[in-house]
Amino acid sequence: MARKNVLVFRELPPEQLDRIAAAHDVTVANPRVADQREAFERALPWADGMIGSSFSIDQSVLDRAPRLKVISSVSVGVDNYPLAALRARGITLCHTPGVLTETTADTIFALLMATCRRVVELANHVREGHWTRNIGEELFGTDVHGKTLGILGFGRIGQAVARRGALGFGMPVIFHNRSQVDVVQAAPDLAGRAQQLPLDDVLKRADIVVLVLPLSEQTRGLMDARAFGLMKPNAVFINGARGAIVSEPDLLAALDHGTLQAAGLDVFATEPLPQSSPLRTHPRVTPLPHVGSATHETRHAMATLATSNLLQVLAGEMPAAVYR
Ligand code: DGY
């Protein structure tokens, strides 16, 4: 098979780079790093394949990459890619579903626990030397077990979060999903424990709302003033999906002038979160730097799958995880 040109637009583990380099010519250039931007631009016209994540490959990037046959994203989310344009140009898009489901659900549940039980704030209380007597009521958290867990998005990750809540913490689960889900079929262990409801009903009834929907034109800005206004007094909001699904000004207003108790956020409209964002230091926000899948095991599994996807397409084979 003739060697092709591969543009790696985000750092990959060396063993995955070696697998690609054994068969193809590789350029590593991350356009988010200022002094690599030029090398990225120079490589685009020759690239047959691209692999990476966390960078928006829009139409103008595609226009500068006329040979491109495959983009292999080291992510499950595909919101960084212009899907219709890729289809029109016959460019295959691959991603990494499955391998990050449980890890991402772990992160979301950790964030949920940390937010409700004020784990970060209380750790700082100790670190900063304020633990000189028992804490008072003003630092108490709220229970997680037994609370009603509302999940927006009942795909793989939503179901894995539901399992943690229902089976581990005795939480009744209600969820919203765009298409109808047959729980007995899709997640038999959750049968009788998870109920699908319209979006507004989930928002009105849940004590803790977890957002795990994909970002699309239908979900962009979904969590706005109206949605936060429907939520129960003292409800907690967790976002493990994408920042752009939430109106950040409306979330801040719900925290400051509404009745939302706290928010745990792994994702933001702009990432990395700008220093000037009020969400960075808000006392009732627990912020994380988009780390849903960031464990050694899972990030390596994602890189391995993404590399296999890329190599398979370049070899003319059907990739393991093509995005349809
Ligand atoms: C994913 O895989 O989509 C993660 O959110 C990383 O972007």
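Here the structure is shown first, and the text comes after it.
Presented here is a report on the structure given in the accompanying data block. (Residues numbered from 1 in each chain as written. Predicted model: local features only at pLDDT ≥ 70, side-chain atom pairs only at ≥ 80, totals over all residues. Heavy atoms only, no water.)

**Thoughts on the sheet that holds strand 4 (residues 70–73)**
Then comes step 1: Across the sheet, five strands lie side by side as 2-1-3-4-5; this open sheet has parallel pairing. In the strand order of this sheet, the two ends are held by strand 2 (25–28) and strand 5 (92–94), each with one partner. Adjacent strand axes in the sheet meet at a mean angle of 15° when their direction is disregarded.
Then comes step 2: Together, strand 1 (5–8), strand 2 and strand 3 (49–52) form the strand contacts of helix 1 (residues 14–23), whose direction differs from that of strand 2 by roughly 140°. (Pairing = 2+ DSSP bridges. Helix = DSSP H or I, 4+ residues; strand = E, 2+ residues; numbered from the N terminus. Axes fitted to C-alpha atoms, helices over the stretch in contact; angles between N-to-C directions. Contact = heavy atoms within 4.5 Å.)

**A closer look at the packing of aromatic side chains**
Any aromatic ring pair is given by two values, namely how distant the centres are and how the planes are angled relative to each other.
Then comes step 1: Counted under the stated rule, the structure contains four aromatic pairs.
Then comes step 2: Their ring planes at 75° and their centres at 5.5 Å tell us that F40 and F55 sit as a pair that is edge-to-face. Here F55 lies in the loop between strand 3 and helix 3 (59–63) and F40 lies in helix 2 (residues 37–43), a separation of 15 residues in the sequence.
Then comes step 3: Owing to a relative accessible area of 12%, F55 belongs among the buried residues under this scheme.
Then comes step 4: Between F228 and F237, the aromatic rings sit 5.3 Å apart at their centres with planes inclined by 90°, giving edge-to-face as the arrangement. Per residue, the accessibility class of F228 equals that of F237, and both read buried. (Phe/Tyr/Trp six-rings, centres within 6.5 Å; stacked < 30°, edge-to-face > 60°. Buried < 20%, exposed > 50% of the residue type's maximum accessible area, 1.4 Å probe, protein only.)

**Overview of empty space enclosed by the protein**
Then comes step 1: Taken as a whole and assessed by the stated rule, the structure comprises one cavity of 30 Å³ or more.
Then comes step 2: Its volume calculated, the largest cavity comes out at about 40 Å³.
Then comes step 3: Forming the boundary of the largest cavity are F237, N239, G243, V246, E248, L251, L265, V267, F268 and L279.
Then comes step 4: In terms of residue class, the lining of the largest cavity is built from seven nonpolar, two polar and one charged. (1 Å grid on protein atoms, 1.4 Å probe; cavity = no way out; pocket = protein on both sides within 12 Å on 5 of 7 lines; lining within 4 Å. Points joined across faces, edges and corners; volume = space filled by probe spheres on them. Nonpolar A, V, L, I, M, F, W, Y, C, P; charged D, E, K, R; others polar.)

**Considerations on the site of the ligand**
Then comes step 1: Surrounding the ligand, one finds S75, V76, G77, L100, R242, H290 and M302.
Then comes step 2: One of the backbone N or O atoms of G77 is found 2.8 Å from an oxygen atom in the ligand.
Then comes step 3: At 2.8 Å, a side-chain N or O of R242 approaches an oxygen atom of the ligand.
Then comes step 4: Across the shell around the ligand, the residue classes break down as three nonpolar, three polar and one charged. (Near = heavy atom within 4 Å. Polar contact = N/O pair within 3.5 Å; in protein donor to acceptor, adjacent residues only side chain to side chain.)

**Remarks on the pattern of salt bridges**
Close approach of charged atoms allows side chains of opposite charge to pair.
Then comes step 1: Within the structure shown, the criterion is met by 14 salt bridges.
Then comes step 2: Between E41 and R37 there is a salt bridge, with the nearest N and O atoms lying 3.2 Å from each other. Of this pair, E41 and R37 both sit in helix 2, four residues apart, which is roughly one turn of the helix.
Then comes step 3: Salt bridges sharing partners connect three or more residues here, namely R37, E41 and R64. (Salt bridge = Lys/Arg side-chain N within 4 Å of Asp/Glu carboxyl O.)

**Some points on unusual backbone geometry**
Then comes step 1: Between E271 and the following residue, P272, the backbone shows a cis peptide bond with an omega angle of -10°.
Then comes step 2: Relative to the helices and strands, P272 resides in the loop between strand 11 (262–265) and strand 12 (285–287).
Then comes step 3: In this structure, S54 takes a positive phi of about 60° despite not being glycine.
Then comes step 4: Within the secondary structure, S54 sits in the loop between strand 3 and helix 3.
Then comes step 5: Owing to a relative accessible area of 30%, S54 belongs among the partly exposed residues under this scheme.
Then comes step 6: Even without a glycine there, the phi angle at N234 is positive, about 70°.
Then comes step 7: In this structure, N234 sits in the loop between helix 10 (225–230) and strand 10 (236–239).
Then comes step 8: Residue classification places N234 among the exposed positions, given a relative accessible area of 52%.

**Some thoughts on the layout of surface pockets**
Then comes step 1: Reported here for the second largest pocket is a volume of approximately 420 Å³.
Then comes step 2: Along the walls of the second largest pocket sit 21 residues, with E121, P283, R284, V285 and T286 positioned nearest its centre.
Then comes step 3: Put simply, the parts of the chain that give the lining of the second largest pocket at least two residues each are helix 5 (101–117), helix 6 (119–127) and strand 12.
Then comes step 4: Examining the composition of the lining of the second largest pocket, we find that four residues originate from one element, helix 6, more than from any other.
Then comes step 5: Here the lining of the second largest pocket is built from residues that sort into nine nonpolar, eight polar and four charged.

**Digging into the packing of helix 1 against helix 12 (residues 296–314)**
Two packed helices can be described by the angle between their axes and the distance between those axes.
Then comes step 1: At a minimum axis distance of 10 Å, the contact between helix 1 and helix 12 shows a crossing angle of 5°. Relative to helix 12, the element helix 1 is oriented roughly parallel. Counted together, E15, Q16, R19 and I20 of helix 1 and H300, A303, T304, T307, S308, L310 and L311 of helix 12 form the full contact between these two elements.
Then comes step 2: A class-by-class count of the residues in the contact of helix 1 with helix 12 yields four nonpolar, five polar and two charged. (Parallel < 35°, antiparallel > 145°, perpendicular 65-115°, else oblique.)

Distances and angles like these do not, on their own, reveal function.
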